[in-house]
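Okay, here's what each chain looks like letter by letter:
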Amino acid sequence: MPKSKIHKRRGKLPSIEVVDLFCGIGGLSYGMKSKGLKIKAGFDLDWTCLYAYEVNNEAKFISKDIRTVQKEDILPFYSKKAIKVLAGCAPCQPFSSYAFKNKNKDKKKYSLLYEFGRLVKDIQPDIVTMENVPAIASFKLQSVLGDFVRTLELEGYYVSYQVVYCPDYGIPQTRKRLVLLASKLGEIELIPPTHRKDNYVTVRDVISNLPPLQAGEVCPSDKLHRCRALSDLNMRRMEATPYGGSWRDWPEELLLKCHKKKGGKSFGSVYGRMTWEEPAPTMTTLCTGIGNGRFGHPVQNRAISAREAALFQTFPTSYKFFPNEQEVYLTKASRYIGNAVPPRLGEVIAESIKKHIRSHK
């Protein structure tokens, strides 16, 4: 398999430049930028992500449907002698475990990953990275992932992928993600885990020093540290939820009708409280609501705030989500944060790419 030619400068790595597809507000880009990679541009259909992406990553945001993006839109962002990285996280909803229960899948539903493959073929970057939910690895070579991997291999890439348990890399939530790396320079793989169970970053490590909040309150000094108000009934439910507990601990009169049905009993974490001693659960676009998972504060009678969710996703407190910090919209902030790739995972990917390039210079 022929290896790409790269510009070598004695004593240091060549310039590594990244274009990020499906970039959202820029979690992946920010993590890679933090490790010295040069972020050139991000593409995403959601134009409202423009401010957060550009101000935090100092890179151009292009609001465009991936189906209409052509190589001419991307190639001008790369320098002639740089290592070219094409990164992306296609929206994961079609690849969720629920969606994959449907055996009669229509490939049109999964077209975004095929569009990613089309752009790889047209652009021929030196390195490709893709992040998605673990369920995308189901059905092996018959899956959309299998088609994507075959496309890369036919274009001359060495490909590796694995399911990452985020606490193993210092990310304080039990998120699992599939991370794919592909390179024309040679074999490539993710760096080894940096943490073990005995030193995972916990809920206490991340949010115990934040100012306490009442349900519906906003911290005067941090407008992102705000949480949803609770109805009287939901406040009673929160008060009845013990440390680390959930709706299963409530008295009969507080139970929802769905919890009394056989199907509802399988959702044991909803209305649950986190515990200080463990990582948080996976952050989702609905992570600031107590009815959507184990998103209750360990000891305060409320759901986690948007700031707490951002910290669990490893966004630094300096990250700007809105142009006017006095106008923070909780629903929009939750969507931005829940959809993002944790910046720390971007750092791990960047470290893996740099290690790979050093070994093949």
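Visitor: Looking at this structure, I do not really get the overall build of the protein chain. What am I missing?
Guide: Broken down by element type, the protein chain carries 11 helices and nine strands. Across the 361 residues in the protein chain, those meeting the buried criterion constitute 53%. In the protein chain, once contacts between residues fewer than 6 apart in sequence are set aside, the share between residues at least 24 apart is 66%. In the structure as shown, the protein chain presents an accessible area of about 16800 Å², 51% of it carried by carbon and sulfur atoms.

Visitor: Help me understand the packing of helix α4 (residues 111–123) against helix α5 (residues 144–154), please; the structure alone is not making it clear to me.
Guide: What describes two packed helices is the angle between their axes and the distance between those same axes. Running from N to C, α4 and α5 cross one another at 0°; their axes reach a closest spacing of 10 Å. As judged from the angle between their axes, α4 and α5 are roughly parallel. Taking contact as the criterion, the partners of L113, Y114, F116, G117, V120 and K121 in α4 are, on α5, V144, L145, D147, F148, T151 and L152. Of the residues contributing to the contact of α4 with α5, the split by class is eight nonpolar, two polar and two charged.

Visitor: Please clarify how unusual backbone geometry should be interpreted in this entry.
Guide: For residues other than glycine, phi is negative in most cases, and the peptide bonds are mostly trans. If you check the backbone angles, E58 has positive phi at about 50° while not being a glycine. Mapped onto the fold, E58 is located in the loop between α2 (50–57) and β3 (60–63). Its identity as a non-glycine residue notwithstanding, T314 has a phi of 70°, on the positive side. You can see T314 is positioned in the loop between α9 (306–312) and α10 (330–339).

Visitor: Would you take a moment to explain the environment of F315 for this structure?
Guide: With respect to the secondary-structure elements, F315 resides in the loop between α9 and α10. Of the residues examined, F315 reaches a relative accessible area of 1% and is grouped as buried. For F315 and A340, which are 25 residues apart along the polypeptide, the C-alpha to C-alpha distance reads 9.7 Å. In this structure F315 touches I25, G27, A310, F321, A340, V341 and P343, once residues within four positions along its chain are discounted.

Visitor: Before we go on, may I ask you to explain the pattern of salt bridges in this structure?
Guide: Opposite charge on two side chains permits pairing when their charged atoms draw close. Taken as a whole and assessed by the stated rule, the structure comprises 14 salt bridges. The shortest N-O distance in the salt bridge between D46 and R335 comes to 2.7 Å. Here the residue D46 occupies a position in the loop between β2 (38–44) and α2, and R335 occupies one in helix α10, the gap between them amounting to 289 residues. Relative accessible area serves as the criterion here: at 30%, R335 is assigned to the partly exposed category. E131 serves as the salt-bridge partner of R177, at 2.7 Å between the closest nitrogen and oxygen. Placement of the pair is R177 in strand β7 (residues 176–183) and E131 in strand β5 (residues 127–132), with a sequence separation of 46 residues. Of the residues examined, R177 reaches a relative accessible area of 7% and is grouped as buried. Connected via shared salt-bridge partners are K35, R344, E347 and E351.

Basis of the calculations
Residues numbered from 1 in each chain as written. Predicted model: local features only at pLDDT ≥ 70, side-chain atom pairs only at ≥ 80, totals over all residues. Heavy atoms only, no water. Helix = DSSP H or I, 4+ residues; strand = E, 2+ residues; numbered from the N terminus. Buried < 20%, exposed > 50% of the residue type's maximum accessible area, 1.4 Å probe, protein only. Contact = heavy atoms within 4.5 Å. Areas by Shrake-Rupley, 256 points an atom, 1.4 Å probe, with all protein chains shown as cover. Axes fitted to C-alpha atoms, helices over the stretch in contact; angles between N-to-C directions. Parallel < 35°, antiparallel > 145°, perpendicular 65-115°, else oblique. Nonpolar A, V, L, I, M, F, W, Y, C, P; charged D, E, K, R; others polar. Salt bridge = Lys/Arg side-chain N within 4 Å of Asp/Glu carboxyl O.

Such coordinate-based values are descriptive only and should not be taken to indicate function.
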